[in-house]
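Now for the letters of each chain:
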Amino acid sequence: MRKNFGARPILYPQPVLIIATYGEDGTPDAMNAAWGGIADMNRVAMCLSAGHKTVQNILARKAFTISMADAEHVAACDYVGIVSGNHVPDKVARAGFHTTRSSFVDAPLIDELPLTLECRLVSFDPETEMLIGEIVNVAAEERILDAEGKIDPAKLRPITFDTVNHAYLVLGEKVGNAFRDGNALK
């Protein structure tokens, strides 16, 4: 028997995205967002309120980065989500994060987070709060690559947001092979 929960945003996994920008004065800013994901081969879509300092920065600079939050940095990633850049302008530094300027867009890379999408703003609809970005580069630290140079999720240890229990869960266990295991049912 199933239990009905009504119309709620329950979907697993829900990536924990750390969105980074530069403010008007060049100060790095970041926020934690779980309402987003891949929208096309080179686009991301996120539902973000225009009241966030990070969104204001994106609209002004037309650029941002998205890093995958990881198990190693849970507290810092949570911190940038619960503290507003409108009230704590140096929250990136207070989180213990360091940044490097992207070579592709006018936004910072968070050095401690090893997987980053570097993006240009495509559009923002204030009514729906839908922000679309174009991915212009993906940067990964060598420490999360396997012997073949591919990203290894077990080394990355990305986290997902559990909206039901207000928790973060680590991802990484391989349970099958995409585009191959289903062939057994043909």
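Going by the structure above, here's the rest.
This one's a predicted model, so the numbers in the text were calculated from it and none came from an experiment.

A. Highlighting the nonpolar core. If you look at the biggest cluster of nonpolar residues, it comprises 22 residues, and the most contacted ones within it are Ile-19, Met-46, Leu-48, Phe-64, Ile-66 and Leu-131. Elements that contribute at least two residues to this core include exactly β1 (17–22), β2 (28–33), β4 (43–47), α1 (53–61), β5 (63–68), β8 (115–125) and β9 (130–140). A per-element tally of this core places β8 first, with 5 residues. Leave out the neighbours within four places in its chain, and Ile-19 touches Asp-29, Ala-30, Met-31, Ala-33, Met-46, Leu-48, Thr-54, Ile-58, Phe-64, Thr-65 and Ile-66. Ranked by size, the runner-up nonpolar core spans 16 residues in total, among them Ala-30, Val-92, Ala-95 and Ile-110.

B. Here's a closer look at the environment of Glu-112. As for its placement among the helices and strands, Glu-112 is situated in the loop between β7 (108–110) and β8. In the structure, Glu-112 is positioned 16 residues away from Gly-96 in sequence and 8.9 Å away in space, judged by C-alpha atoms. Excluding residues within four positions of it along the chain, Glu-112 makes contact with Asp-70, His-73, Gly-96, Phe-97, His-98 and Arg-143.

C. Region of interest: helix α2 (residues 74–82). Taken as a whole, α2 has its buried residues at Ala-76, Cys-77 and Val-80. The arc enclosing the buried residues of α2, seen along the axis, measures out at 100 degrees, which places them on a common side. Opposite the packed face of α2, turned more than 90 degrees from it, sit the exposed residues Ala-75 and Ile-82. Contact partners of the buried residues in α2: β1, β2 and α3 (91–94).

D. Representation of the pattern of salt bridges in the model. Scanning the entire structure with this criterion turns up 5 salt bridges. With its nearest N and O atoms 3.0 Å apart, the salt bridge here joins Asp-106 to Arg-101. Residue class for Arg-101 comes out partly exposed when judged on its relative accessible area of 49%. Between Glu-148 and Lys-150 there is a salt bridge whose closest N-O contact spans 3.4 Å.

Each value, and the rule that gives it
Residues numbered from 1 in each chain as written. Predicted model: local features only at pLDDT ≥ 70, side-chain atom pairs only at ≥ 80, totals over all residues. Heavy atoms only, no water. Core = buried A, V, L, I, M, F, W, Y, C linked by side-chain atoms within 4.5 Å. Buried < 20%, exposed > 50% of the residue type's maximum accessible area, 1.4 Å probe, protein only. Helix = DSSP H or I, 4+ residues; strand = E, 2+ residues; numbered from the N terminus. Contact = heavy atoms within 4.5 Å. Arc of directions from axis to C-beta. Salt bridge = Lys/Arg side-chain N within 4 Å of Asp/Glu carboxyl O.

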